Amino acid sequence: MMVKWGTENQVRRPKKLISQELLQRLQRRRNDIGLVFLIGHLMTLLATGALVYQTQGTGWWYLALFLHGVGIVHLFAPFHETTHKTAFASKKLNSLIAGFSGLMIIIPPQYFTMEHAAHHTYTQHSEKDPESIPMSGHFWGYLYYATAIPYFQGVVKNLTRLPLGKFSPNEQAFIPERHRETVVKETRFMVTFYLGLVTLSVALQTEVVFWYWLVPRIVAEPLMRLIRISEHVCCEWVADFRKNTRTTVTLTPVRWLAWNMPFHAEHHAIPNLPFHALPALHLELAPHLEHVDQGYLASHGNLFRKLLRKQFTPETATTT
């Protein structure tokens, strides 16, 4: 039977695979676990930042910059969770951390919230999923996307268009008019903040912002693009979370830094489930999932083979 995108049938189906009692227990939101993850993440950034400082003038400096960047780009994890309003029980904490992490990774929270909601509603829909990765099922498209060049082109466009209230037709489709003013205000604040950082850096004649945030943020983004690729690319273009999303079973430190998002099919099964409950949900759903890879190397190895054979493009995928 065909399952249509965004229908009640699609939303409720995962909940039939686990008991109601377990689901109610897993859905409890907590401040303490979120704060533990957040403090750990910030301490990691302090440690890698100190490493950048200590290795200046040595060959290890380049590695330190990259490692620091890995921590910075993974601020997408708390950003993602707080825009879902599941990282903390406190609404104020969710909003505060969403704003902070959004500034660090250069993504407006309200814009992402609307875009990501459409992504969950129309996951792997060839026309309506705004987060589908445009590589046309080709290996060279995969490599180009992995450079993060298309990603940063989108970042620059957002910072130049959105403060002026200019929304593309695609953006108008997933951002209701009542939310556009908030998006405009957020992006204007972000641009003002970044210009302020530049002005302050010039006035103080310091390169701290450049070397401890901007450069690491840029050089590590390709790693984040590879992670994003692994979540849906070469999965079926259907409205079934068991087929359209990939879970990657990876090392505990990697999973911790990503706030459990490698359990991505589980997240798409129940998007409002707190991130700390995803490992438990994985134990229940794993037998029902079609795409579970053992590590990112295995995941991308499978992607290479499928992309080289030009499989799983929207034009060739079945929707039944």
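One can find the structure itself at the top, above this paragraph.
**Focus on the overall build of the protein**
Check the secondary structure of the protein and you find 18 helices and two strands. Relative to its length of 320 residues, the protein is compact, with a C-alpha radius of gyration of 20 Å against a globular reference of 20 Å. Overall, the C-alpha framework of the protein stretches about 65 × 45 × 40 Å when taken along its three principal axes. A total of 320 residues make up the protein; the buried ones form 50% of that total. If you take every contact in the protein between residues at least 6 apart in sequence, the share linking residues at least 24 apart comes to 71%. With an accessible surface of roughly 16300 Å², the protein has 62% of that area assigned to carbon and sulfur atoms. When the 31 basic and 22 acidic side-chain charges of the protein are each reduced to a single mean position, those positions are 2 Å apart.

**Looking at the side chain of Thr-250**
Structurally, Thr-250 can be placed in the loop between strand 1 (247-249) and helix 15 (252-257). With residues up to four places along the chain from it excluded, the contact list for Thr-250 reads Arg-255, Pro-262 and Tyr-296.

**Quick word on the side chain of Arg-180**
With respect to the helices and strands, Arg-180 occurs in helix 11 (residues 177-204). One buried charged residue, Arg-180, forms no salt bridge at all, with the nearest opposite charge on Glu-177 at 4.8 Å. Of note is the side chain of Arg-180, whose polar atom sits 3.2 Å from the backbone oxygen of Gln-172. Not counting residues up to four positions away in its chain, the partners in contact with Arg-180 are Phe-167, Gln-172 and Ile-175.

**Let's talk about the pattern of salt bridges**
For side chains bearing opposite charge, pairing can occur when the charged atoms are close. On inspection of all chains with the given rule, the structure shows eight salt bridges. Of the charged contacts in the structure, one is a salt bridge between Arg-161 and Glu-171, with a shortest N-O distance of 2.8 Å. Linking Arg-161 in helix 9 (residues 149-161) with Glu-171 in helix 10 (residues 169-174), this pair joins segments that are ten residues apart in sequence. Since its relative accessible area comes to 22%, Arg-161 is described here as partly exposed.

**Quick look at helix 11**
Three or four residues apart is the spacing at which side chains of an α-helix point the same way, because the helix has 3.6 residues per turn. The terminal C-alpha atoms of helix 11, which comprises 28 residues, lie 41 Å apart, in line with the 40 Å expected from a rise of 1.5 Å per residue. Within helix 11 the residues assigned to the buried category are Arg-180, Val-183, Val-184, Thr-187, Met-190, Tyr-194 and Ser-201. Residues of helix 11 that are buried in the fold lie against helix 6 (91-105), helix 7 (109-121), helix 9, helix 10 and helix 12 (208-219). Just past helix 11, the residue Gln-205 takes up positive phi, approximately 55°.

**Considering unusual backbone geometry**
A positive phi angle, near 65°, is found at Gln-124, a position not held by glycine. Checked against the element boundaries, Gln-124 lands in the loop between helix 7 and helix 8 (139-146). One non-glycine residue, Ala-148, lies in the positive phi region at around 75°. With respect to the element layout, Ala-148 can be found in the loop between helix 8 and helix 9.

**Notes on helix 9**
Its 13 residues give helix 9 an end-to-end C-alpha distance of 18 Å, which sits within 8% of 18 Å, the value for a rise of 1.5 Å per residue. When we look at burial in helix 9, the residues that qualify are Tyr-151, Phe-152, Val-155, Asn-158 and Leu-159. Down the axis of helix 9, the smallest arc covering the buried residues is 115°, so these residues share one side. Buried residues in helix 9 make contact with helix 6, helix 7, helix 10, helix 11, helix 12 and helix 13 (221-232).

**A closer look at the environment of Ala-64**
Relative to the assigned elements, Ala-64 resides in helix 4 (residues 60-73). What makes Ala-64 buried here is its relative accessible area of 1%. Residues Ala-64 and His-125 lie 61 residues apart in sequence; the distance between their C-alpha atoms is 39 Å. If we skip the residues at most four places from it in the chain, Ala-64 touches Leu-51, Val-52 and Thr-55.

Procedures and definitions
Residues numbered from 1 in each chain as written. Predicted model: local features only at pLDDT ≥ 70, side-chain atom pairs only at ≥ 80, totals over all residues. Heavy atoms only, no water. Helix = DSSP H or I, 4+ residues; strand = E, 2+ residues; numbered from the N terminus. Rg over C-alpha atoms; globule rule 2.2 N^0.38 Å. Buried < 20%, exposed > 50% of the residue type's maximum accessible area, 1.4 Å probe, protein only. Contact = heavy atoms within 4.5 Å. Areas by Shrake-Rupley, 256 points an atom, 1.4 Å probe, with all protein chains shown as cover. Lys, Arg positive; Asp, Glu negative; His and termini not counted. Charge placed at Lys NZ, Arg CZ, Asp CG, Glu CD. Salt bridge = Lys/Arg side-chain N within 4 Å of Asp/Glu carboxyl O. Polar contact = N/O pair within 3.5 Å; in protein donor to acceptor, adjacent residues only side chain to side chain. Expected span 1.5 Å × (residues − 1). Arc of directions from axis to C-beta.

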